[in-house]
Amino acid sequence: MANGQWYPPEWPDRIRALADGTLTPVEPKRAATVMLLRDTDTGPAVHMLRRRSSMAFAGGAYAYPGGGVDPRDEQQIRWAGPTRAWWAQRLGLEEAAAQAIVCAAVRETYEEAGVLLAGPTDDSVVGDTTGDDWEADRAALVARDLSFAEFLDRRGLALRSDLLGAWTRWITPEFEPRRYDTWFFVAALPEGQRTRNASTEADRTVWIRPTDAAASYDKGELLMMPPTIATLRQLTPYDSAARTLAAAPDRDLTPVLAQARLEDGEIVLAWPGHDEFTKHIPTGPTGPTPA
C-alpha cells in the first residue's frame, strides 16, 4: 500500500456479505479515547501507542489510549468541571451515558498511559502517579476488580471533566465483527505527571508531533486506522495544547460511519467527509487489491 492505512484482507468479503444481506451488523459498543498533548519547542506532541501485532483488532497499528465503557462508569462519582447536563448536551446523550463516556476517557487514560485527570480539589490535579500503591490500584482497575468510582472515592479525588475537550466521534463500519461507537477527546498532560506504557495491548509508546506522524503514515512507515490519521491531521493547525483544547467546544460531533455502495460493478467504500480513505472493491470473489 502507498500509505499506512490499516486495511484487513477480510474486508472485501465482509462488505459483499453486508451488501447481499448475509451479514448482520453487530451493535457497536460505547468507547472513548484521548489524544493526550504536551507542548514542545517545535509545537504540541501527541501521545500514541502501537498495538501489539498479535492483537486481533488493528494489530501493529498506532492509536491513542482508550477503550470500552465499563457499565460501572455510570456510578455516582465526585465530579468537577462542566456539569453532567452540559456533557449530555455536548455528546448528544442522556446524562448517565454522557458521564460514562467521560469517565471511560479518564479511566482508560490512566489504565493505559498512567496519566490521571483528577485531583483532590475541583481546581487541582494529582502529581506523580508512579508509586507502587498507584500501580496496585491501576492494575485493579484494569482487572475490573475496582470500579473507577471506588478508586476515586478511596483516594478522595474528583474527576476533572474540564480538562477534556470532546473532539470527534467515529463508529466502526457495519461490516466489522468488532464495532465501537467511539468519542475522541483532547487533553493536556498535567504538570508533574508523565506517560508510560502501562497497556498490555501495546508494545511501544511515543510522543510525536501530529505533522510528523501524518508524514510517516503517508510514507507507509506508521500503520493507522482511518480515525487515527484523520484526527492527527485535524490537530496540525494548532500551535499549543491550550489552543487545541480551546477549539474543542466548536467541533462537530456528528458520527463518522463508513458507507459501502455498489457503483459501476464494484463496491465503493467511503467515509463521509474523508475522501482519502475511499476504497474501490471488485464485486466478484477475486480481484485486484483495493485502491
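Residues numbered from 1 in each chain as written. Predicted model: local features only at pLDDT ≥ 70, side-chain atom pairs only at ≥ 80, totals over all residues. Heavy atoms only, no water.

## What to know about the overall build of the protein
And then number 1: Scanning the protein from terminus to terminus reveals eight helices and 14 strands.
And then number 2: Of the roughly 13000 Å² of accessible surface on the protein, 48% is carried by carbon and sulfur atoms. (Helix = DSSP H or I, 4+ residues; strand = E, 2+ residues; numbered from the N terminus. Areas by Shrake-Rupley, 256 points an atom, 1.4 Å probe, with all protein chains shown as cover.)

## Points about the sheet that holds strand S6 (residues 118-119)
And then number 1: In spatial order, the strands read S5-S7-S6; together these three strands make up an open sheet with mixed pairing. The strands lining the two open edges of the sheet, one partner per strand, are strand S5 (79-80) and S6.
And then number 2: Inspection of the sheet shows S5 paired to strand S7 (residues 158-160) by two bridges, in the parallel sense. Counted as the bridge partner of Trp79 is Leu159 from S7. (Pairing = 2+ DSSP bridges.)

## A closer look at the confidence of the model for the protein
And then number 1: Residues with a pLDDT of 70 or more make up 90% of the protein, whose mean pLDDT is 88.
And then number 2: Contacts from residues 286-291, a stretch scored under 50 in pLDDT, to residues over four places away or in other chains number ten contacts. (pLDDT = per-residue confidence, 0-100. Contact = heavy atoms within 4.5 Å.)

## Notes on the environment of Tyr62
And then number 1: Looking at the secondary structure, you find Tyr62 in strand S3 (residues 62-63).
And then number 2: Considered as a pair, Tyr62 and Leu49 are 13 residues apart in the sequence and their alpha carbons are 5.5 Å apart.
And then number 3: For Tyr62, the side chain forms a polar contact with the side chain of Arg204, separated by 2.6 Å. (Polar contact = N/O pair within 3.5 Å; in protein donor to acceptor, adjacent residues only side chain to side chain.)

## Re the pattern of salt bridges
And then number 1: A full pass over the atoms with the stated rule returns 20 salt bridges.
And then number 2: Here Glu111 and Arg144 are joined by a salt bridge, their closest N and O atoms 2.9 Å apart. Highlighted residues: Glu111 in helix H3 (residues 95-113) and Arg144 in the loop between helix H4 (132-142) and helix H5 (148-155), separated in sequence by 33 residues.
And then number 3: The partner of Asp212 in a salt bridge is Arg209, and the shortest N-O contact between them spans 3.1 Å.
And then number 4: Overall, Asp212 belongs to the partly exposed group, its relative accessible area being 34%.
And then number 5: Shared partners join several salt bridges into a network, and the residues in it are Asp70, Arg72, Asp73, Arg107, Glu108, Glu111 and Arg144. (Salt bridge = Lys/Arg side-chain N within 4 Å of Asp/Glu carboxyl O. Buried < 20%, exposed > 50% of the residue type's maximum accessible area, 1.4 Å probe, protein only.)

## Some details on the pairing of strand S12 (residues 259-263)
And then number 1: For S12 and strand S13 (residues 266-271), the ladder comprises five bridges, and the chain directions are antiparallel. Looking at S13, one finds that Arg261 is bridged to Val268.
And then number 2: Where S12 folds back onto S13 in an antiparallel hairpin, the turn is made up of two residues, including Asp264, whose phi is positive at roughly 55 degrees.

## Regarding the sheet that holds S13
And then number 1: With antiparallel pairing, three strands are arranged side by side in an open sheet as S12-S13-S14. In this open sheet, the two strands that pair with only one neighbour each are S12 and strand S14 (274-282). Neighbour to neighbour, the strand axes of the sheet diverge by 25 degrees on average, direction disregarded.
And then number 2: Helix-sheet contacts for helix H7 (residues 226-235) involve S13 and S14, and the interaxial angle to S14 is about 155 degrees. (Axes fitted to C-alpha atoms, helices over the stretch in contact; angles between N-to-C directions.)

## Let's talk about the side chain of Gln234
And then number 1: Topologically, Gln234 is positioned in helix H7.
And then number 2: Classification of Gln234 by relative accessible area gives buried; the value is 18%.

## Details of the packing of aromatic side chains
And then number 1: Here the structure, examined in full by the defined rule, presents ten aromatic pairs.
And then number 2: Relative to Phe184, the ring of Tyr64 lies with its centre 6.4 Å away and its plane at 90 degrees, an arrangement referred to as edge-to-face. With Tyr64 in the loop between S3 and strand S4 (66-68) and Phe184 in strand S9 (residues 180-188), the pair connects residues that are 120 residues apart, well separated along the chain.
And then number 3: Judged by relative accessible area, Tyr64 falls into the buried class, the value being 5%.
And then number 4: The class of Phe184 is buried, set by a relative accessible area of 7%. (Phe/Tyr/Trp six-rings, centres within 6.5 Å; stacked < 30°, edge-to-face > 60°.)

## Concerning the nonpolar core
Soluble globular proteins tend to pack their nonpolar side chains together in the buried interior.
And then number 1: Judged by nonpolar contacts, the single largest core of 42 residues is most densely connected at Leu91, Leu116, Leu164 and Phe185.
And then number 2: The set of elements that each furnish at least two residues to this core consists of strand S1 (29-38), helix H2 (84-91), H3, H4, H5 and S9.
And then number 3: Sort the elements by how many residues they give to this core and H3 lands first, with ten residues.
And then number 4: Excluding anything up to four places from it in sequence, Leu164 contacts Val34, Trp87, Val102, Ala105, Val106, Leu117, Phe185, Val186 and Ala187.
And then number 5: In terms of nonpolar packing, the next biggest core, distinct from the first, is built from 34 residues, Ile15, Met35, Ile229 and Phe277 among them. (Core = buried A, V, L, I, M, F, W, Y, C linked by side-chain atoms within 4.5 Å.)

## Looking at H7
And then number 1: In terms of burial, H7 is largely enclosed, as nine of its ten residues are buried.
And then number 2: Turning to H7, its buried residues number three or more, namely Pro226, Pro227, Thr228, Ile229, Ala230, Thr231, Leu232, Gln234 and Leu235.

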